[in-house]
Amino acid sequence: MAEKLYLYDTTLRDGQQTQGVQFSTAEKLRIAEALDALGVDYIEGGWPGANPTDSAFFEEAPASRAVMTAFGMTKRAGRSAENDDVLSAVLNAGTPAVCLVGKTHDFHVTAALGIELSENVANIRASVAHIVAQGREALFDAEHFFDGWKANAPYALECLHAALEAGARWIVLCDTNGGTLPYEIYRIVAEVIAGGIPGERLGIHTHNDTENAVACSLAAVDAGVRQVQGTLNGLGERCGNANLTSLIPTLLLKEPYASRYDINVSRDALEALTQTSRMLDEVLNRVPMRQAPYVGSSAFAHKAGLHASAILKDPTTYEHVDPATVGNRRVIPMSNQAGQSNLRRRLAEAGLEVAPGDPALARILDEIKAREAQGYTYDTAQASFELLAREILGRLPSYFEVKRYRVTIERRKNKYDRMVSLSEAVVVVKVDGEKKLSVSDSLDNEGFDRGPVNALSKALAKDLGRYQSIIDDMRLVDFKVRITQGGTEAVTRVIIDSQDGRGRRWQTVGVSANIVDASFEALLDSVRWKLIRDCGEGA
Ligand SMILES: [Zn+2]
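Here is a short report on the structure shown in this document. Every value quoted in this text rests on a predicted model; they were computed, and no experiment measured them.

**Topic: the packing of helix α17 (residues 452-460) against helix α19 (residues 515-535)**
Now for step 1: With their axes 10 Å apart at the nearest point, α17 and α19 run at an angle of 35° to one another. Considering the relative orientation of α17 and α19, their crossing is right-handed. For the pair formed by α17 and α19, the contact residues are V453, L456, S457 and L460 on the first element and V516, S519, F520, L523, L524 and V527 on the second.
Now for step 2: Among the residues forming the contact of α17 with α19, the class breakdown is 8 nonpolar, 2 polar and no charged.

Structure follows, in structure tokens:
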């Protein structure tokens, strides 16, 4: 009979302690929704009272299957748990579970808190008891636990017992500084269990300062803990927390974990793991890490010619798991023999059947290489990839031609003496031999300025003659800008996500030294792709 192993996510709390990361409330809600769909058991939403977006998040958090958890600290010395305003703010978030961090390392009690060791134990006991008395599930985060154990094991254990006796459901052993190695984690967890804290009440919280956070978490599970804490993509303070994006597939796909433990992540959710990981990068506007285990775009990329040809015969020759199980895909660089068959597969996905050995394949590969050197990327911009291939194959219809465009940006004082911006775009296109001039400004329906690219996109989509009705249901859903290297120069790369009324979503790319040009290129690709889908190849 498999035992239940709980997953506790702290992306929204410890993950937010990453340098340069500050989630908005809307972003937190989006991440929480993804975590709930993934199947974690607990979502730690933040520290209410300490951070305004954390408080707002708890106010707006939708019902979730995962247990919503607020984070805070044990009451301060010299006041009762009932009268500690910091603790009250945490309870006021109204979450079913509350996780309180407290000290278990004697040195931190005397040096950082400046109180007696016994007073700290009493604070832990009173705080946990207060949470339980409010009818909440209590978790006790034992800060600096492993360092504390090495310095004074009896005292660290006394702190844990105080929390357990006061009714804590979970005692979480934290390697706060991230310096403990897996063998020490295993030994100390085993000693804690021998010291009377049952494994089914223990959790593990590790940091990646020696690149061992995942290994330390597994060591703790091996030693008997039944809750694992971590973050998506290993986000977190300094070098990050234990990476749930790596831990989850390992626990589900690898022995002895797969048959020994039940975790709440379904196979379907596992197949969405790569997507979930990319979603977080998108929120953070970060480039996804290529080498990320399981979900990175290189995780199943086979560059060596020998590997690539073996892979085509039998994938298990060079893959430890099937990429599809985690929603990733096999990549065989298109530059070699095996790459051509990969390219043909990608073309077939776009409805373009090309015979093996067709010389056009080599021309497409050369063009992709040359473009990537200029700063383009076709990993996700499948629509732009298709247009490029069509052009080389002579299968790109010319529905319309852009003769010229112009954008002006104005910034001036309005009648209320406030600085306002307004952009205006003019686009001239030739459709069916007829020139059409469209003008649009950058204001949305509420009168807010949406910038020059918005003006341009509206002008482009304003009058395309007989194609107009086809693009009417198109809408720009995301727009990402990145400065990247194009040859020896820095260039701007724009990636646009578009969607239509039929629920299709596609991605296009544009590159230029000029952000408006790059945006226009991606916009044009987006419109052309849509026309191919809905008008076919006959222009
Ligand atoms: Zn931490």
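**Looking at the packing of aromatic side chains**
Now for step 1: On inspection of all chains with the given rule, the structure shows 11 aromatic pairs.
Now for step 2: Their ring planes at 75° and their centres at 5.3 Å tell us that Y399 and Y467 sit as a pair that is edge-to-face. Taken together, the positions of Y399 in the loop between α16 (382-393) and β11 (401-413) and Y467 in the loop between α17 and α18 (468-471) put the pair 68 residues apart, joining distant regions of the chain.
Now for step 3: Note on Y399: relative accessible area 3%, which makes it buried.
Now for step 4: Look at Y467 and you get buried, because its relative accessible area is 3%.
Now for step 5: When the ring centre of Y6 is taken as reference, the NZ or CZ atom of K4 above it lies at 4.8 Å.
Now for step 6: Across from the ring centre of F400, 5.7 Å away, lies the NZ or CZ of R528, which sits over that ring.

**Things to note about helix α8 (residues 213-223)**
Now for step 1: Counting buried positions over the 11 residues of α8 gives 8, a clear majority of the element.
Now for step 2: Along α8, the residues classified as buried are A213, C216, S217, L218, A219, A220, V221 and A223.
Now for step 3: Lining the buried residues of α8 we find α7 (182-194), β8 (202-205), β9 (227-230), α9 (244-253), α10 (257-260) and β10 (261-262).
Now for step 4: Directly beyond the C-terminal end of α8, a positive phi value near 130° is found at G224.

**Comments concerning the coordination of the zinc ion**
Now for step 1: For the zinc ion, the protein coordination sphere consists of D14 (OD), H205 (NE2) and H207 (NE2), at 2.0 to 2.2 Å.
Now for step 2: Between consecutive donors of the zinc ion, the numbers of intervening residues give the motif D-x190-H-x1-H. Of this pair, D14 sits in the loop between β2 (6-9) and α1 (25-38) while H207 sits in the loop between β8 and α8, placing them 193 residues apart in sequence. The pair D14 / H207 is uniform in exposure class, with both members buried.

**Details of the nonpolar core**
Now for step 1: Ranked by internal contacts, the top residues of the largest apolar core, which has 89 residues, are F145 and I171.
Now for step 2: If you tally residues by element for this core, the top one is helix α6 (residues 145-165), at 11 residues.
Now for step 3: If we skip the residues at most four places from it in the chain, F145 touches T104, A156, L160, L173, C174, I188 and V192.
Now for step 4: Y399, M474, W506 and L523 belong to the second largest nonpolar core, which has 31 residues in total.

**Let's talk about the sheet that holds strand β13 (residues 434-441)**
What holds strands together in a sheet is hydrogen bonding between their backbones, with the strands either parallel or antiparallel.
Now for step 1: Pairing within the open sheet is antiparallel, and its 3 strands lie in the order β11-β12-β13. Looking along the sheet, the strands with just one partner apiece sit at the ends: β11 and β13. Geometrically, the sheet is characterised by an average inter-axis angle of 10° between neighbouring strands, direction not taken into account.
Now for step 2: Bridging between strand β12 (residues 419-431) and β13 involves 8 bridges; their strand directions are antiparallel. Looking across to β13, one finds that V429 is bridged to K436.
Now for step 3: With respect to the sheet, α17 is in contact with β11, β12 and β13, its orientation differing from that of β12 by roughly 30°.

**Comments concerning the pattern of salt bridges**
Now for step 1: One pass over the full model with this rule turns up 36 salt bridges.
Now for step 2: Its salt-bridge partner being E44, residue R13 comes within 2.8 Å of it at the nearest N-O pair. Of the two residues, R13 is situated in the loop between β2 and α1 and E44 in strand β3 (residues 42-46); the sequence distance between them amounts to 31 residues. This pair shows no difference in class: R13 is buried, exactly as E44 is.
Now for step 3: A cluster of three or more residues bridged by salt bridges with shared partners is formed by D473, D500, R502, R504, K530 and D534.

**Considering the packing of α6 against α7**
Now for step 1: Contact geometry of α6 with α7 gives a least axis separation of 11 Å together with a crossing angle of 15°. Here α7 runs roughly parallel to α6, going by the angle between their axes. Read as a crossing pair, α6 and α7 show a hand that is right-handed. Mapping the contact onto sequence places F145, F146, W149, K150, L157 and L160 in α6 and E184, I185, I188, V189, E191 and V192 in α7.

**Here's the deal with the pairing of β11**
Each regular strand displays side chains that alternate between the two surfaces of the sheet.
Now for step 1: Two elements, β11 and β12, share 12 bridges in a ladder whose sense is antiparallel. The residue bridging R404 from the neighbouring strand is V428, located in β12.
Now for step 2: Remark: 5 residues form the turn of the hairpin made by β11 and β12, two consecutive strands paired antiparallel; D417 in that turn has positive phi of roughly 65°.

Conventions adopted
Residues numbered from 1 in each chain as written. Predicted model: local features only at pLDDT ≥ 70, side-chain atom pairs only at ≥ 80, totals over all residues. Heavy atoms only, no water. Axes fitted to C-alpha atoms, helices over the stretch in contact; angles between N-to-C directions. Helix = DSSP H or I, 4+ residues; strand = E, 2+ residues; numbered from the N terminus. Left-handed = near helix turned anticlockwise from the far one by under 90°. Contact = heavy atoms within 4.5 Å. Nonpolar A, V, L, I, M, F, W, Y, C, P; charged D, E, K, R; others polar. Phe/Tyr/Trp six-rings, centres within 6.5 Å; stacked < 30°, edge-to-face > 60°. Buried < 20%, exposed > 50% of the residue type's maximum accessible area, 1.4 Å probe, protein only. Lys NZ or Arg CZ within 6 Å of the ring centre and 35° of its normal. Donors = N, O, S within 2.8 Å, 3.2 Å for Na, K, Ca; no water. Core = buried A, V, L, I, M, F, W, Y, C linked by side-chain atoms within 4.5 Å. Pairing = 2+ DSSP bridges. Salt bridge = Lys/Arg side-chain N within 4 Å of Asp/Glu carboxyl O. Parallel < 35°, antiparallel > 145°, perpendicular 65-115°, else oblique.

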